[in-house]
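# Chains, contacts and geometry: an overview
So you can see what is in the structure, the chains are spelled out below.
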Amino acid sequence: MEEERSFKSILILALRCAVALGLALAGYFYWNEANFPWWVSLMVMGTAYILISYDIYIEAFEAMFKEREFFNECTLMILASLGAFALRFYGPGHNEFLEAVLIILLYQVGEVFENLAESRSRKAIVSAIDLRKEEALVLEEDKLIAKSPVDLHVGDLVVLGAGKKCPCDGIVMEGTGEMDESSLTGEAVPVGKEKESPVYSGTLLASGSLKIRVEKEYEDSTVARLMESIENGSEEKNKTVRFIRRFARVYTPIVFAIAALVAVVPPLVLGAGNADIWASWIYTALSFLVLSCPCAIVISVPLAYVAGLGLASKQGILVKGAGFFDALNTLRLIAFDKTGTLTEGHFSVAEIQLGDLDEALFKEYLCAAESRSTHPMGRAIAQTFQKAYEEEEISDYQEVPGFGVRLVYRGKKIEAGTPKDASAHAGKAGSLVCLYVDDVYQGCVRLEDQVKESAPKAISHFHQKNISTLLLSGDRPLVVESTAKEIGVDAFEAGLLPDEKTSRIREEISKKEGAVAFVGDGINDAPSIVLADVGIAMGGLGSDLAVANADIVIMDDDLMKIPALLDIARKTRHRVIFNIIFALSVKAILMGLNLWASIDGGWQLPLWVSALGDSGLALLTILGSLALGFSKPKKSSANS
């Protein structure tokens, strides 16, 4: 409905422009002063003027009385057009009724193209993932019932056929198939799905048939978060946009004052009693008013950031505000968590080292400890051992960030996590999960994790951009050092608790030499993600807490998406700078030509040229900004 209303308003404005242009041309070529009294021409032109300008007057008065903003593009257009009508008082030779209508008409034509371009851009970005018009088939009592994705609830069973969009975030319960996840990840290669595989809303089932259990309500789903980012991300004004708004508030009244001086001072010097001199310089001042309209900058700059957000979303990168592009362009250091961020997070048990307990009891205690763990190592242990334990015997269960888990099982105090005595395990490769029963060490499990294929390539890209890299991990020094060497980070620190990670991030931020980013995926990473200038979370394996607190979410955990995001941020900045310089340069040239024409006295630049220069300039910069959203950033795949 919102899109329909938007298109209807654009169509009405276009029709108003067409009718007003027809009236204005009829008034100029037929109902003119050569055929009718001057007031007939004024009435015809005035009708065309009112038809095309009434909403501009409404907007100008609202800005004056509600926002106390007296100088904006609307007031400038009104003053310039009324001034053109007033020139007729200098005699028939100064009839500029058509110019008065064309000033507003060209401005409104620019508005039509601007609104149409922005509407189509947003529609193109959102249409690939929007589920609100889709239909979900829910299995209830052996019957398929059609529901809107918005009405799905956790636990519902959805039947998905080939060629259909997945309406929910969920888990495959039955069937096999291949999902096209390009709308979220940007990668066109289908991903195989089978029982227990996760599926995400907005993706397309290319082949097969799946029965899916809903895991998240619509408002918490992947596609809802992505659409919210696209629609609202630009509302968080960044430094550049705030500067442009402040610039326009200062720039506009200054140019208005210059226009007033141009209208008054030269005639007083050159001939205060000469009506033609007054008319010529007032005409030049009116051109200044038209050209001083800052809409080309004020509109195109925020629009460039909106386009950048859309381009990032099509690459599977969820950016929660346009302001983070500015920080990315000043990035000095990027810090990483290890497990699940630089590594796959898919652990396998490589070795068991027993203490005084027998193996069966050791596995039972460890499985009980890791039964509710959300950490990848805990899940790997529970899945590998699958040892029977008594769920009802578990009490006081808690996850301890930076260590592991603590609980009471069969009346005994059980702890499972990182070694309490690191020196006792020095020289052992892999990640260790140690078991303590009533504070007594009873053995450990060594797990191995593979470095992501994209990690070394991403680190290499950061080095090419002169961005320092730092690995911060709670794992043992030997493991962290091995990972650091394999991926090529500049520095690493091991054995860190969550508060120690945040302290290091705070220390780097205090240097104030550039922005600091932190990339993580776990619950213990959330404080560092919040603290960093740019917090980045892995959206695939990442915890809900990390994703919720992040400024940027990488939907498919591909680290090469971060260099792609830096490329998008750079393109956005370049587009913004180009728009500002191009707009100011063209306006300065046209203002110079108007001054030259008035000084020379032998010719005059028509007002409609200034109006076209302003509206056409705005349209060009707007289209340039929107084109950014359809450009192709550097290939981000780990296979590139």
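In short, a report on the structure. One numbering rule holds for all chains: residues counted from 1, following each sequence as written. In keeping with the model being predicted, local features are shown solely for residues with a pLDDT of at least 70 and side-chain atom pairs are shown and tallied solely at 80 or more, while totals for entire chains, interfaces and linings include all residues. With hydrogens and water set aside, each side-chain value is computed from the structure's full complement of heavy atoms.

## Side note on the overall build of the chain
- Across its full length, the chain holds 19 helices and 20 strands.
- Out of the 640 residues belonging to the chain, those deemed buried represent 51%.
- Contacts are assigned to residue pairs that have any heavy atoms within 4.5 Å of one another. Look at the contacts in the chain between residues 6 or more apart in sequence, and 67% of them connect residues 24 or more apart.
- Summed over its atoms, the accessible surface of the chain is roughly 28,600 Å², and 58% of this surface lies on carbon and sulfur atoms. Note on conventions: DSSP H or I runs of at least 4 residues are helices, E runs of at least 2 residues are strands, and numbering of each starts at the N terminus. Exposure classes here rest on a 1.4 Å probe applied to the protein chains alone. A residue is buried below 20% of its type maximum, exposed above 50%, and partly exposed in between. In this description, accessible areas are obtained by the Shrake-Rupley approach with a 1.4 Å probe, and a residue is regarded as covered only by the protein chains that are shown.

## Concerning the pattern of salt bridges
- A carboxyl oxygen of Asp or Glu within 4 Å of a side-chain nitrogen of Lys or Arg is what we treat as a salt bridge. Following the criterion strictly, the structure yields 20 salt bridges and no others.
- Residues K147 and E140 are paired through a salt bridge, measuring 2.9 Å at the closest nitrogen-oxygen approach.
- Since its relative accessible area comes to 22%, K147 is described here as partly exposed.
- Among the charged side chains, a network of salt bridges with common partners joins R332, E493, R504, E507, E508 and K511.

## Concerning the environment of V255
- As for its placement among the helices and strands, V255 is situated in helix α7 (residues 239-270).
- By relative accessible area, V255 is classed as buried at 7%.
- Put simply, V255 and L289 are 34 residues apart on the chain and 7.2 Å apart in space, counted from C-alpha to C-alpha.
- Not counting residues up to four positions away in its chain, the partners in contact with V255 are F288, S292 and M591.

## Observations concerning the sheet that holds strand β12 (residues 404-409)
- Spatial ordering of the open sheet is given by β10-β15-β14-β13-β12-β11, a layout of 6 strands whose pairing is antiparallel. Here the strands that pair on one side only, and so sit at the sheet edges, are β10 (348-354) and β11 (394-400). Pairs of neighbouring strands in the sheet enclose a mean axial angle of 15°, with direction left out of account.
- As paired strands, β11 and β12 are joined by 5 bridges and run antiparallel to one another. Any two strands with at least two DSSP-identified bridges between them are counted as paired. Each axis is a line fitted through C-alpha atoms, taken for helices only over the stretch in contact, and angles between the N-to-C directions span 0 to 180 degrees.

## Some words on the sheet that holds strand β8 (residues 317-319)
- The mixed open sheet is built from 7 strands, whose spatial order is β8-β20-β19-β18-β9-β16-β17. Lying at the two open borders of the sheet, with one neighbouring strand each, are β8 and β17 (491-493). Averaged over all adjacent pairs, the angle separating strand axes in this sheet is 20°, with direction ignored.

## Section: the nonpolar core
- In terms of nonpolar packing, the biggest core is built from 49 residues, with M45, M77, F85, V101, I103 and L607 touching the most fellow members.
- Breaking this core down by element, the ones donating at least two residues are α1 (2-29), α2 (38-66), α3 (73-86), α4 (97-127), α7, α8 (275-291) and α18 (561-600).
- By nonpolar core we mean a set of buried residues, namely Ala, Val, Leu, Ile, Met, Phe, Trp, Tyr and Cys, connected to one another through side-chain atoms within 4.5 Å. Membership of the second largest hydrophobic core comes to 47 residues, among which are Y305, L471, V489 and I562.

## Things to note about a nonpolar patch on the surface
- For patch detection, residues must exceed 30% relative accessible area and be free of salt bridges, and they are connected within 9 Å for like charges or within 5 Å for nonpolar side chains (Val, Leu, Ile, Met, Phe, Trp, Tyr). Side chains of L261, V264, V265, L268, V269 and L270 sit close together on the surface and give an oily, nonpolar patch of about 570 Å² of accessible area.
- Following the sequence through the fold, L261 ends up in helix α7.

## Looking at the pairing of strand β14 (residues 431-437)
- Of all 7 residues making up β14, 7 are buried, and the element is well covered by its neighbours.
- Because side chains alternate across β14, one face comprises the buried residues S431, V433, L435 and V437, and the other comprises L432, C434 and Y436, equally buried.
- Of the strand pairs in this sheet, strand β13 (residues 412-417) and β14 are connected by 4 bridges, and their pairing is antiparallel. Residue pairing in the sheet places G417 in a bridge with C434 of β14.
- Relative to strand β15 (residues 440-448), β14 runs antiparallel, the two sharing 6 bridges. Bridge pairing links C434 to C444 in β15.
- Turn length for the β14-β15 hairpin, with the two strands adjacent in sequence and antiparallel, is 2 residues, and the turn residue D438 shows positive phi of about 50°.

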